[in-house]
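Structural overview for review
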Amino acid sequence: MKPILLSLFVGLLMVGCGEQVIDKSELEGRNGLAYLTNEKTPFTGRAESLFSKGQKREEINLKDGLADGRYTLWYRNGQKREEGNYKHGKKEGTWTAWHENGQKWWEETYKGDKKDGLATGWYENGQTRQERSFKEDKLMVAEVWKLNGEKCAVTNVEDGNGIWVLYNDDGTERFRYTYKDGERVRN
């Protein structure tokens, strides 16, 4: 997500009584979320960035300098890569990402910029990779499957405690994390 917001490199288009293109050098940002058209005036409108060949890379709405409303990111081939909503600079509601082939990659729910609710991930072939449940950004439950559909016997996070393992497409272990009270405690 960080590279997405940091890539607003082409300019901003202001929506309203006309259109104004603003060069990136005229902007100041805080973590890629707050933009100023000068030292005192926060930007409100739609911001876009383009790939080098002119196709749209991302689009975000800003209100008083903060991300507010729909955010969308695309691959170079025009396929949607990620989409979600911001409210006052924070992720809010359902966020979805897709593999370059169009299959869903992951879907997560946010409340006030914190994961809250079901988060599901898929392999590029559409097979479920993982299902996790969060409460106020803490991992409470996790289930994981290998690409062949075999359930991971090692992953056992319940009530925020246990081990979470994720696998590569070839079935080898990608990483293993231990959780206590919903927080990662060691690798």
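As a reminder, the structure under discussion sits directly above these lines.
Below: a short report on this structure. (Residues numbered from 1 in each chain as written. Predicted model: local features only at pLDDT ≥ 70, side-chain atom pairs only at ≥ 80, totals over all residues. Heavy atoms only, no water.)

1. Comments concerning the pattern of salt bridges
Convention followed: Each salt bridge in this description consists of a side-chain nitrogen of Lys or Arg and a carboxyl oxygen of Asp or Glu lying within 4 Å of one another. Working definition: with a 1.4 Å probe on protein chains only, accessible area under 20% of the residue-type maximum means buried, over 50% means exposed, and in between means partly exposed.
Tallying each qualifying case throughout the model produces 14 salt bridges. A salt bridge links Glu59 to Lys56, with the shortest nitrogen-to-oxygen separation between them at 2.8 Å. The exposure class assigned to Lys56 is partly exposed, which follows from its relative accessible area of 31%. For Asp116, the salt bridge identified is with Lys111, shortest N-O distance 3.8 Å. On the accessibility criterion, Asp116 (18% relative accessible area) is buried. Lys111 gets classed as exposed once you look at its relative accessible area, which sits at 52%. A single network of salt bridges, built from pairs that share partners, joins Arg46, Glu48, Lys56 and Glu59.

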